[in-house]
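Observations on chain architecture
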Amino acid sequence: MTTNEQSWLISSDSHIVEPPDLWTARADDSRLPHVVREADGDWWYIDGRKTMSFLGIQTGMRFEKDPTKLRTSATFEEVTPAAYDPSAYLKANEQDGVWGSVIYPSEGLVIFSVPNTEVVSAAMAVYNDWIADFCSHDTSRLKGIGMVNVDDVAEATAELRRCHDLGLGGVLITVAPPTWLPYRSREFDAFWATAEELQMPLSLHVGTDRADSRVAEFVLNVKDVPPSVFVNKDYPIRRTLADLMFSGVFERHPGLRIGTVEHELGWIPFFLQQLDNTYTDKPIRGPEWKRLSDPDALPSQFFRTNCFASFQEDSLGIRLRDEIGVETLMWGSDYPHTESTFPRSREVLEEVLQGVSDDERALITSGNAAELYSFALPGAEE
């Protein structure tokens with residue numbers, strides 16, 4: 001690596017590709033994720049439902065191929081070992097100028113769409129053990145994000161604490177809880193308090209809508225995703241963040257950190273404007289229209305003090321960074337997924353960050369994530 005060590009990147013949103021035996025080697029339960037080989041590749045099944053095939057077979061090919069030629073199914077043998085072997089993972093990171101990565105699952109994201117809450121909790125607990133072991137290869141550069149099922153708040157709080165004890169860097173919770181238990185509910189206060197106490201950042205990642213266990217249906221058929229889903233991927237995060245801000249969660253838990261991951265940025269300025277407009281100019285319409293204890297406070301202020309926003313390549317959002325708050329922004333490569341910026345992350349960032357000062361670039365590409373997840377970049381003062 002010839003790049004000056006001071007310009008290393010930190011990816012706030014990377015992934016692993018789960019090995020086929022991740023769950024079967026650790027639990028004797030056919031409902032948990034397992035792989036079935038079919039004519040067009042290997043497919044994951046959860047609780048009897050076919051979900052998705054393997055990612056990580058075309059990392060970097062978006063820069064070389066017509067997108068209509070990119071594949072959506074493969075066998076595990078086609079997956080790059082750098083997607084599931086920690087030593088190879090770090091070498092691939094270095095090739096892309098990335099010093100450290102915050103690591104999310106791949107198939108694990110689909111688990112949120114499984115209605116059976118027992119299966120969800122069991123699958124997530126097994127994954128949390130595995131990702132902690134993966135990151136133990138080098139905990140200074142690999143920060144695993146655990147998964148927590150919030151259907152039962154007491155159970156979720158216990159698993160959050162266990163993730164902390166495993167050494168994980170934070171946890172992933174559903175971006176869209178079911179309507180019968182929204183995040184504005186006071187039932188979650190013990191969970192928020194524990195995350196605040198343990199200084200565990202909570203992530204709201206795209207594609208983690210929670211199924212309603214009462215209807216026993218998947219939220220989304222991941223085998224046949226309409227393009228409108230990708231265009232409107234910020235819809236669930238907007239509702240969830242609004243619930244958190246209006247309901248006083250961040251007033252009660254000022255040390256709580258919650259972030260939007262892979263929803264990009266351009267929607268945020270208008271969203272923040274609408275938060276305050278609704279709070280100051282709309283008539284009260286029932287008991288959910290609560291007032292903050294500070295008479296001078298506005299809901300939008302909590303975005304800068306309590307939230308973070310992981311993005312990939314949103315040049316429009318970067319142009320609006322002063323409206324969002326540079327201190328909230330964190331770049332992520334999405335390695336090793338097909339749409340990842342690997343192996344041209346520096347080239348992509350150079351285009352996205354045109355006109356951004358060196359100080360702000362440093363915060364966006366490494367500094368903010370380093371502070372939140374306790375990375376130490378080479379050459380940084382002890």
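Description of the structure in this document. (Residues numbered from 1 in each chain as written. Predicted model: local features only at pLDDT ≥ 70, side-chain atom pairs only at ≥ 80, totals over all residues. Heavy atoms only, no water.)

As for the overall build of the protein
Helices and strands together make up the secondary structure of the protein, namely 14 helices and eleven strands. Taking 21 Å as the expected radius of gyration for a compact globule of 382 residues, we find that the protein reaches 20 Å, a close match to that expectation. Its C-alpha atoms put the protein at 60 × 50 × 40 Å along the principal axes. Counting only residues that meet the buried cut, the protein has 55% of its 382 residues in that class. Within the protein, contacts between residues at least 6 apart in sequence are counted, and of these 76% link residues at least 24 apart. For the protein, the exposed area adds up to about 16,700 Å²; of that, 49% sits on carbon and sulfur atoms. Between the centroid of the 34 positive side chains of the protein and the centroid of its 61 negative side chains there is a distance of 4 Å. (Helix = DSSP H or I, 4+ residues; strand = E, 2+ residues; numbered from the N terminus. Rg over C-alpha atoms; globule rule 2.2 N^0.38 Å. Buried < 20%, exposed > 50% of the residue type's maximum accessible area, 1.4 Å probe, protein only. Contact = heavy atoms within 4.5 Å. Areas by Shrake-Rupley, 256 points an atom, 1.4 Å probe, with all protein chains shown as cover. Lys, Arg positive; Asp, Glu negative; His and termini not counted. Charge placed at Lys NZ, Arg CZ, Asp CG, Glu CD.)

Points about the sheet that holds strand β7 (residues 170-172)
Strand order in the open sheet made by the eight strands is β1-β5-β6-β7-β8-β9-β10-β11, with parallel pairing throughout. Because the sheet does not close on itself, it has two edges, and the strands there are β1 (9-15) and β11 (329-331). Pairs of neighbouring strands in the sheet enclose a mean axial angle of 25°, with direction left out of account. Pairing between strand β10 (residues 307-311) and β11: three bridges, direction parallel. Considered in β11, the bridge of F311 is made with W331. The sheet strands contacting helix α1 (residues 86-95) are β1, β5 (98-104) and β6 (142-147), and the helix crosses β5 at an angle near 125°. (Pairing = 2+ DSSP bridges. Axes fitted to C-alpha atoms, helices over the stretch in contact; angles between N-to-C directions.)

Concerning the nonpolar core
In terms of nonpolar packing, the biggest core is built from 112 residues, with I173, F191, W192, L202 and L241 touching the most fellow members. Residue contacts for W192: discarding those within four places in its chain leaves I173, Y183, L202, L244, V249, H253, L256 and I258. (Core = buried A, V, L, I, M, F, W, Y, C linked by side-chain atoms within 4.5 Å.)

Digging into the packing of aromatic side chains
Under the counting rule described, the total for this entry stands at 17 aromatic pairs. Consider the rings of Y89 and Y335, whose centres lie 5.3 Å apart with planes at 85°: the pair is edge-to-face. Placement of Y89 in helix α1 and of Y335 in the loop between β11 and α13 (345-352) is noted, with a sequence separation of 246 residues between them. In this pair, the class of Y89 matches that of Y335, namely buried. Taking the centre distance of 5.6 Å and the plane angle of 65° together, the rings of W267 and F271 count as edge-to-face. Members of the aromatic cluster, joined through ring pairs, are Y89, Y127, W130, F134, Y335 and F342. Over the ring of W99 we find R141, and its NZ or CZ is 3.8 Å from the ring centre. (Phe/Tyr/Trp six-rings, centres within 6.5 Å; stacked < 30°, edge-to-face > 60°. Lys NZ or Arg CZ within 6 Å of the ring centre and 35° of its normal.)

Points about helix α14 (residues 358-373)
In this model, α14 (16 residues) spans 22 Å end to end at C-alpha, consistent with the 22 Å of a helix rising 1.5 Å per residue. The sharpest bend along α14 measures roughly 55° and falls at I364. Restricting attention to buried positions, one finds in α14 the residues E360, R361, I364, T365, S366, N368, A369, A370, L372 and Y373. Directly beyond the C-terminal end of α14, a positive phi value near 60° is found at S374. (Expected span 1.5 Å × (residues − 1). Bend = angle between axes of the 7 residues up to and from the residue.)

Some points on the environment of N277
Topologically, N277 is positioned in helix α9 (residues 268-281). A relative accessible area of 25% places N277 in the partly exposed class.

Quick word on the environment of L22
Within the secondary structure, L22 sits in the loop between β1 and β2 (34-38). Contact partners of L22, with chain neighbours within four places excluded, come to V126, Y127 and W130.

Observations concerning the sheet that holds strand β4 (residues 49-53)
Spatially, β2-β3-β4 is the arrangement adopted by the three strands of the open sheet, whose pairing is antiparallel. Of all the strands in the sheet, the pair left with one neighbour each is β2 and β4. Along the sheet, successive strands turn relative to each other by an average axial angle of 40°, direction set aside. Of the pairings in the sheet, the one linking strand β3 (residues 41-46) to β4 comprises three bridges and is antiparallel in character. Bridging from a neighbouring strand, I46 pairs with R49 of β4.

Quick word on the packing of helix α3 (residues 117-135) against helix α4 (residues 153-165)
Their axes nearest at 11 Å, the elements α3 and α4 cross at an angle of 10°. By the angle class used here, α3 and α4 are roughly parallel. Residue-level inspection shows S121, A125, N128 and D129 of α3 in contact with α4, the latter providing E155, E159, R162 and C163. The class makeup of the residues in the contact of α3 with α4 is two nonpolar, two polar and four charged. (Parallel < 35°, antiparallel > 145°, perpendicular 65-115°, else oblique. Nonpolar A, V, L, I, M, F, W, Y, C, P; charged D, E, K, R; others polar.)

Keep in mind these numbers describe shape, not what the thing actually does.
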